[in-house]
Amino acid sequence: MSRAQVWVNNHVPYNQQGTYDGYRQDTGGFISMCWELAKPGLPLSNLHTAAHNVNKDQLEAGDAMNCDGKHALIFGGWTSGARSEYIGI
């Protein structure tokens, strides 16, 4: 989570042509950086090769949530014990 917060604090923009600290500035690059994968990071379509599926009850801060292969985010945690809303980065 601390690695994700660096991008937030530094206002790193989404840019499919750019890099930040050697990682692509797209979703796959951001998640790869958070997980400390090799630079320049995996494309979103290949993130599954570095991960495995978990159920909602198993989500932990730092996990990636893939939204139909079109976008992904880092799961920051639940906002309450009801587990109906979460923080995403």
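None of these values were measured; they are calculated from a predicted model.

Peer 1: What am I meant to see in unusual backbone geometry here?
Peer 2: Negative phi characterises most residues that are not glycine, and trans characterises most peptide bonds. Residue proline 40 is bonded to the preceding lysine 39 through a cis peptide linkage, with omega at 10°. By secondary structure assignment, the location of proline 40 is in the loop between α2 (27–34) and β3 (64–67). Not every positive phi belongs to a glycine, and glutamate 36 is a case in point at roughly 60°. As for its position among the elements, glutamate 36 is in the loop between α2 and β3. Taking the relative accessible area as the measure of exposure, glutamate 36 reaches 59% and is therefore exposed. Phi angles above zero are rare outside glycine, and arginine 83 is one such case at about 55°. Tracing the backbone shows arginine 83 in the loop between β4 (71–78) and β5 (86–88).

Peer 1: How do you make sense of the confidence of the model for the chain when you look at a structure like this?
Peer 2: Low-pLDDT portions of the prediction should not be read for the details of their coordinates. Taken over all residues, the pLDDT of the chain has a mean of 94, while the share at 70 or more is 99%. Across the chain, the element-wise mean pLDDT spans from 88 in β3 up to 97 in strand β2 (residues 23–25).

The rules behind the values
- Residues numbered from 1 in each chain as written.
- Predicted model: local features only at pLDDT ≥ 70, side-chain atom pairs only at ≥ 80, totals over all residues.
- Heavy atoms only, no water.
- Helix = DSSP H or I, 4+ residues; strand = E, 2+ residues; numbered from the N terminus.
- Buried < 20%, exposed > 50% of the residue type's maximum accessible area, 1.4 Å probe, protein only.
- pLDDT = per-residue confidence, 0-100.

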